[in-house]
Amino acid sequence: MDRKTKFSIKFKEDLVKEYLQSTFSSSQLSDKYGISPRYLRRLVIKYEAPGGLTQQSVNNIYDQAFKLGCVMSVLNDKLSLSAAALKFGIPSDSTLFTWIKLYEELGEDGLAAKPRGRPKVMTVPKKKKREYSSDPKIAALEEELEYLRAENAYLKKLNALIQQEKLQPGQSKSKSSKN
């Protein structure tokens, strides 16, 4: 089987049960199914651990205190990476390995959460809402002035379109007759 193939929980359970109930070694059984013996042994350990072979999410976000506890458990208690990963429910040994390297290089601050994804390139400026005067007469005049400016801009654009059509009368008709 392909290395990148994801196996169902049912297949994993059947595989582990076959291993536990048969006289085959992990190497013989892994050859039969085309998987690595290490993967099979890891499945057996997960199966026997509390929680069993439940599907674990790969995109977990762990806080700094949890990461520090895992790292200290590996360093102080002399747990292997795979044993600690199973104990704390971390899907991969490499995650723990990365945390240990960060801890050794940067200390506790290296384990702090970092923003995920690409950084924002540009922020869109918020439009300011027009504030009118507190005097109702002046506020009404300001609103009317704003309306007239918008109307004036609209009429200018309409006039420009009409002028453009007068300058190019054959071009717009020929385009519509082709379609």
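Residues numbered from 1 in each chain as written. Predicted model: local features only at pLDDT ≥ 70, side-chain atom pairs only at ≥ 80, totals over all residues. Heavy atoms only, no water.

Moving on: the packing of helix H3 (residues 37-48) against helix H5 (residues 81-88). Remark: H3 packs on H5, axes separated minimally by 10 Å, with the N-to-C direction vectors making an angle of 35°. Classified by chirality, the crossing of H5 by H3 is right-handed. Contacts from Arg42, Ile45 and Lys46 in H3 reach Ser82, Ala85 and Leu86 in H5. Taken together, the residues of the contact of H3 with H5 sort by class into three nonpolar, one polar and two charged. (Axes fitted to C-alpha atoms, helices over the stretch in contact; angles between N-to-C directions. Helix = DSSP H or I, 4+ residues; strand = E, 2+ residues; numbered from the N terminus. Left-handed = near helix turned anticlockwise from the far one by under 90°. Contact = heavy atoms within 4.5 Å. Nonpolar A, V, L, I, M, F, W, Y, C, P; charged D, E, K, R; others polar.)

Further remarks concern the pattern of salt bridges. In a structure, side chains of opposite charge can pair up when their charged atoms sit close to one another. Under the defined criterion, the tally for this structure stands at three salt bridges. Linking Lys10 and Asp14 is a salt bridge whose minimum nitrogen-to-oxygen distance equals 3.1 Å. Here Asp14 and Lys10 lie together in helix H1 (residues 9-21), a separation of four residues that amounts to about one turn. Close ionic contact of Lys32 with Glu18 constitutes a salt bridge, the shortest N to O distance being 2.9 Å. Taken together, the residues span a long stretch of sequence, with Lys32 in helix H2 (residues 26-33) and Glu18 in helix H1 at a distance of 14 residues. (Salt bridge = Lys/Arg side-chain N within 4 Å of Asp/Glu carboxyl O.)

For the rest of this paragraph, the subject is the packing of aromatic side chains. As enumerated under the stated definition, the model contains five aromatic pairs in all. Where Phe66 meets Trp99, the ring centres are 6.3 Å apart and the plane angle is 85°; that geometry is what we call edge-to-face. Remark: Trp99 occurs in helix H6 (residues 93-106) and Phe66 occurs in helix H4 (residues 64-76); sequence separation between them is 33 residues. Phe66 sits in the partly exposed class, given a relative accessible area of 25%. Overall, Trp99 belongs to the buried group, its relative accessible area being 6%. The rings of Tyr62, Phe66, Phe88 and Trp99 are connected pair by pair, giving a single aromatic cluster. (Phe/Tyr/Trp six-rings, centres within 6.5 Å; stacked < 30°, edge-to-face > 60°. Buried < 20%, exposed > 50% of the residue type's maximum accessible area, 1.4 Å probe, protein only.)

The terminal C-alpha atoms of H6, which comprises 14 residues, lie 20 Å apart, in line with the 20 Å expected from a rise of 1.5 Å per residue. Taken residue by residue, H6 has Asp93, Leu96, Trp99 and Ile100 as its buried positions. Buried positions in H6, seen along its axis, are confined to an arc of 120° and lie on one side of it. Of the exposed residues in H6, the ones pointing more than 90 degrees away from its buried face are Glu105 and Leu106. Downstream of H6 by one or two residues, Gly107 has phi in the positive range, about 80°. (Expected span 1.5 Å × (residues − 1). Arc of directions from axis to C-beta.)

So, on to the packing of H1 against H2. Two elements in contact, H1 and H2, have axes whose closest approach is 10 Å; the angle formed by their N-to-C orientations is 140°. Of the two possible hands of crossing, H1 and H2 adopt the one that is right-handed. Here Phe11, Leu15, Glu18 and Tyr19 of H1 come into contact with H2, specifically with Ser26, Leu29, Lys32 and Tyr33. Taken together, the residues of the contact of H1 with H2 break down into five nonpolar, one polar and two charged.

Turning next to unusual backbone geometry. Although it is not a glycine, Lys78 sits at a positive phi angle of roughly 60°. Position of Lys78 relative to the elements: it lies in the loop between H4 and H5. Taking relative accessible area as the criterion, Lys78 reaches 70% and is therefore assigned exposed.

Remember, this is a structural readout, not a statement about activity or role.
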